[in-house]
Amino acid sequence: MDAAGTSLLLLEVDQRRCALPTGAVVELQRAVAQEPLPAAPAVVEGLIDLRGETVPVLDLRLRLGLAPRAPHPDHVLVVVDLDGRTVALRADAALDVVEVPEEVIEDARDAVPGARFVAGLLHSPDGIVVIHDLAQFLSWEEATALDAALARGAPAGQR
């Protein structure tokens, strides 16, 4: 973010638009097969091997309150830095990168009380875009449970 505005990656999940700050985005990947991670928190869909690094895939749909949907080869994985932890978020599609002035982003606390995963809302010609707060994406309990599950159960080739 700077004085000129905020750079956002627009995503589509179940025909809804959401966004992530581009500063946290590492790369985009096509969806690939995931390995299960036993005893992981519900927000974890599975694991992928990203050039030799074990990367948990987190369920963006769960955070949006949507029904689960099986991964599809057309989906995209958005690899992000989540407070020093590399994770991937699965979305139906990556749409665009946009620069928006800070003043057009509505404070989510005013519009969506209790929505700790939402950093703000952007009104666009295509509807409302939910901007996710990646710093809040994993609770402390989920992060701790994920670490424990990774220590116990990452597939042998992915530790």
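Everything below is about the structure shown above.
Draft legend 1. Looking closely at the sheet that holds strand S11 (residues 127–132). If you walk across this open sheet you meet the six strands as S8-S1-S2-S11-S10-S9, and the pairing is mixed. The open sheet has two free edges, formed respectively by strand S8 (93–100) and strand S9 (105–107), since each of these has just one partner strand. On average, adjacent strands in this sheet sit at an angle of 35° to one another, irrespective of strand direction. Pairing geometry for strand S1 (residues 6–13) and strand S2 (residues 16–21), over six bridges, is antiparallel. In the strand pairing of S2, Leu9 is matched with Leu20.

Draft legend 2. Quick peek at the packing of aromatic side chains. Throughout the structure, instances matching the rule amount to zero aromatic pairs. In this structure, Arg63 packs its charged tip against the face of Phe137, placed 5.2 Å from the ring centre.

Draft legend 3. How the structure looks around the side chain of Arg63. By secondary structure assignment, the location of Arg63 is in helix H1 (residues 60–63). For Arg63, the side chain forms a polar contact with the main-chain oxygen of Phe137, separated by 2.8 Å.

Draft legend 4. Representation of the side chain of Arg90 in the model. The residue Arg90 is located in strand S7 (residues 85–91) in this model. There is a polar contact of 2.7 Å between the side chain of Arg90 and the backbone oxygen of Arg69. Of note is the side chain of Arg90, whose polar atom sits 2.9 Å from the side chain of His75. Discounting chain neighbours no more than four positions away, the residues touching Arg90 are Gln34, Glu45, Val57, Leu58, Leu60, Arg61, Arg69, Ala70, Pro71, His75, Val76 and Leu77.

Draft legend 5. Just the nonpolar core, in detail. One finds Leu11, Leu58, Leu134 and Phe137 to be the most contacted residues of the largest nonpolar core, which totals 30 residues. Those residues in contact with Leu58 that lie beyond four places of it in its chain are Val43, Val44, Glu45, Leu82, Val87, Ala88, Leu89, Arg90, Phe137 and Leu138.

Draft legend 6. Focus on the pairing of strand S6 (residues 76–82). Burial analysis of S6 places six of its seven residues in the buried class, which makes it a mostly covered element. Alignment of strand S3 (residues 25–30) against S6, held across five bridges, turns out to be antiparallel. Bridge pairing links Gln29 to Leu77 in S6. Direction of pairing for S6 relative to S7: antiparallel, over a ladder of seven bridges. Residue pairing in the sheet places Leu77 in a bridge with Arg90 of S7.

Draft legend 7. Broad picture of unusual backbone geometry. Even without glycine at this site, Asp14 takes up a positive phi of about 55°. For Asp14, the position within the fold is in the loop between S1 and S2. For Arg51, which is not a glycine, the phi torsion comes out positive at approximately 50°. Using a relative accessible area of 63% as the deciding quantity, one classes Arg51 as exposed.

Draft legend 8. Looking closely at the sheet that holds strand S4 (residues 44–50). Within the open sheet, the five strands sit side by side as S3-S6-S7-S5-S4. Their pairing is mixed. Each edge of the open sheet carries a strand with a single partner, namely S3 and S4. Strand after strand, the sheet turns through a mean of 30° between neighbouring axes, direction not considered. Note that strand S5 (residues 53–58) and S7 share two bridges and pair parallel. Across the sheet, the residue bridging to Val57 is Ala88, located in S7. Strands in contact with helix H3 (residues 140–153) are S4, S5 and S7; relative to S7, the strand with the most contacts, it is inclined by about 100°.

Reading the values: rules and limits
Every chain is numbered independently, its residues counted from 1 as its sequence is written. Only residues with pLDDT of 70 or above have their local features reported here, since the model is predicted, and side-chain atom pairs are shown and tallied only from 80 upward, although totals for entire chains, interfaces and linings are computed over all residues. Side-chain measures were taken over the full set of non-hydrogen atoms in the model, leaving aside hydrogen atoms and water. Should DSSP find at least two bridges between two strands, the strands are regarded as paired. Helix and strand labels come from DSSP, where a helix needs a run of H or I of at least four residues and a strand needs a run of E of at least two; each type is numbered from the N terminus. What counts as an axis is a line fitted to C-alpha atoms, over the stretch in contact for a helix, and the angles between N-to-C directions run from 0 to 180 degrees. Only Phe, Tyr and Trp rings take part, Trp by its six-membered ring, and two of them pair if their centres are within 6.5 Å. Stacked means planes under 30 degrees apart, edge-to-face means over 60, and tilted covers everything else. Whether a charge sits over a ring comes down to the Lys NZ or Arg CZ being within 6 Å of the ring centre and within 35 degrees of the ring normal. Polar contacts, as counted here, are pairs of nitrogen or oxygen atoms within 3.5 Å of one another; within protein the pair requires one atom able to donate a hydrogen and one able to accept it, and residues that are adjacent in sequence qualify only if both atoms are side-chain atoms. A contact between two residues is defined here by any heavy atoms of the two lying within 4.5 Å. Residues belong to a common nonpolar core when they are buried Ala, Val, Leu, Ile, Met, Phe, Trp, Tyr or Cys residues joined through side-chain atoms within 4.5 Å. Note on exposure labels: buried denotes an accessible area under 20% of the residue type's maximum, exposed denotes more than 50%, and partly exposed covers the range between, all computed with a 1.4 Å probe on protein chains only.

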